[in-house]
Each structure stands twice: as structure tokens, then as C-alpha cells.
Amino acid sequence: MKRDDYLADKDVVGFVRWAGHLVRGDWGLDHSYKGKGPAFRCSTLYDAFMQYHWPNPFNGPLFQDTIDAFADFGERFDRVGTIDSWEERQAFFGIAQATAKWGGINNLDISSTRHWGKLDLYDLKTHIAEIKSKLDPDHADTNDLPESLSMTSSFSKIYAALIPGLPIYDSRVACALTCLIRLYRQYEEVNPAGDVLSFPVPQHRGSNRCTRPAIWDGQSGKYAEANLKCAWLLQGLLEHPGEFANVPEPRRVDALQSALFMLGYARLRDNAIVKIR
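If you're wondering where the values come from, they're calculated on a predicted model, not measured in any experiment. (Residues numbered from 1 in each chain as written. Predicted model: local features only at pLDDT ≥ 70, side-chain atom pairs only at ≥ 80, totals over all residues. Heavy atoms only, no water.)

Comments concerning the packing of aromatic side chains
Put simply, the rule reads: Put simply, two rings from Phe, Tyr or Trp (the six-membered ring, in Trp's case) pair if the centres are within 6.5 Å, and we call them stacked under 30 degrees between planes, edge-to-face over 60, tilted for the rest. A run of DSSP states H or I qualifies as a helix once it reaches four residues; a run of E qualifies as a strand once it reaches two. Both are numbered from the N-terminal end. Relative accessibility under 20% of the residue-type maximum defines a buried residue, over 50% an exposed one, and the middle range a partly exposed one, all with a 1.4 Å probe and only protein chains included. We count a charge as sitting over a ring when the NZ of a lysine or the CZ of an arginine lies within 6 Å of the ring centre and within 35 degrees of the ring normal.
A complete count under the given rule lists 24 aromatic pairs for this structure. For the ring pair Trp18 and Tyr184, a centre distance of 5.7 Å and an interplane angle of 55° mean the geometry is tilted. Here the residue Trp18 occupies a position in helix α2 (residues 10-24), and Tyr184 occupies one in helix α8 (residues 171-188), the gap between them amounting to 166 residues. For Trp18, a relative accessible area of 3% translates into the label buried. What makes Tyr184 buried here is its relative accessible area of 6%. Between the aromatic rings of Phe77 and Phe92, the centroid separation amounts to 5.1 Å while the plane-to-plane angle is 45°, which identifies the pairing as tilted. One end of the pair, Phe77, is in helix α4 (residues 63-80); the other, Phe92, is in helix α5 (residues 86-102), with 15 residues separating them in the sequence. Here the aromatic residues Tyr46, Phe49, Tyr52, Phe63, Phe244 and Phe261 are joined through ring pairs into a cluster of three or more. Directly above the aromatic system of Phe261 lies the positively charged group of Arg172, at a separation of 3.8 Å from the ring centroid. Directly above the ring of Phe199 sits Lys229, whose terminal nitrogen or CZ lies 5.2 Å from the centroid.

So, in C-alpha cells, the structure goes:
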């Protein structure tokens, strides 16, 4: 499936129409939880975005500083280019490792033989070129994903830095989407067919979030498909950006993803939607 086919699906169209009220601010979203720091509470989806901080979820840098830091990884990848030398290979590994560390992942060794370290110069160059081509949301086809793809929340962060328009898909983003789709089904009394609105949740240690459906280790194809569908869905939701028009257009997918990240720490209540208009 490609982007245009996905966004034309009747169930996706129905969800985008419904959730668009949240993106535009026509409806409120009452959500709260107590994490490791101060309690979080939002009244709209945009309000959730405005409270985004990372890496510390309550006292860290704000969105613009965070997204500028993340964008720097992408610019450094661009400067490395097509990995034509061993020096560029090592530089590429260093940027990928720094991206994972930025995302709070400290136990991933990109250069190990378990991961990209097993690839010689030509194979690494070919593999990364294939990833950049086949995970590009504008041209990707879920029926044509790389067989040797590695997909975890760590690699999703690295790919998001490598590929413009590909959002980070982690357990918090997945949980938020799963909850919103659950509320859509509940409020609209619909039962979407197939798996176009199925967003499986990557493994995580949280106990108060969504746990089903789940992505387990070794299900890279399932993870990649969910990451692409997330990219397409966020693009569809931002066709009429509403309050998110306050964010520069190239950053709106990042902003909406950040709002979902803030929501996804805890499961949305069944009465979270507030129809204020």
C-alpha cells in the first residue's frame, strides 16, 4: 500500500475527519497523569504539544530546541553522504549512535556485528540507500519493504533523522494513536475493517499504557509498516492544521508526533473528548 491509497481508504478518511476536530482545536482533550515529575494535564491536543519537553519530560528543552538538536543529526547524515569510505562509515556510525543516545537509548551498539557493524562498506552503503528509499513516506510501499530491515524504537529514531517526513514511532506515540482510534470507534460507533487503523505498540516497560496489539522483537516488517502508516496519518491530519498552523509547515508532523508522545504516557479515558464547538 502507498500513501495515496492509504489516505483514500474509507476508514482512514473517517478517522481523519473525526480526529481533525482535535487537531484544529474544535474539540478539547482532557487528559492527565502523574509521571516521575510534576503532574501532566492538557485540555487540547495542541496544549499537549505546547507542554512537550525532551529528554526530561517535564523540565527539559522545549520543542524548538529539541527539534533543532534532532535536525542537526539529519544535517550531519547529509554531510556524510553515500558512505564511500571507511572514514564516512565510522562517521555514519557515530551519528547513528548519538541519535540513539539522544532518544534515551544507551544499550544499543550500532557498530556491533549484531547490527550494522557486520556489513562491509559496499553492503552498508547499499543497505542505507535502500532504507532511505523504501521508508520515504512520499514514495514508500508497505508491500516493498527491505527484508533485512532492523526496526525498534531506537532504529525508528535513527531513520527519522535520516529520512525527512518519517516520524519517530515509539510506544508512547503508538499508545496515543491506539487510544484515539479506540475513542473514534466508541464515539462514532464504527468498526473499521482490516488493519488500516491498527497501530501495534512496540515493547515497553510502562504498566499504565496500551499493551495490545503488540510488536515483539523480530517483527521488523510489522514495525516498519506501522511507522509508515503513522507518517501518512499525521500528514492527513495536518491537511487542515488548525492550531498547528502556529508551527512552521516543515515541523508540523514533528509537532503532532510530539503531542502524541506527551499523551501516550498513560491510556486516554473513555470520556477524554470534550466537544466544545
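We are not done yet, so read on.
A look at α8
Selection criterion: Given the number of residues in a helix, its expected span is that number minus one, multiplied by 1.5 Å. For the purposes of these results, a polar contact is taken to be a pair of N or O atoms within 3.5 Å, where, inside protein, one atom must be able to donate a hydrogen and its partner to accept one; residues adjacent in sequence count only when each atom of the pair is a side-chain atom.
With 18 residues, α8 extends 25 Å from end C-alpha to end C-alpha; this agrees with the ideal 26 Å at 1.5 Å per step. Where burial is concerned, most of α8 is hidden: 13 out of the 18 residues are buried. Between the side-chain oxygen of the N-cap and the backbone nitrogen of Arg172 there are 3.2 Å, and the N-cap of α8 in question is Asp170. Just downstream of α8, Glu189 is the residue with a positive phi angle, here 55°.

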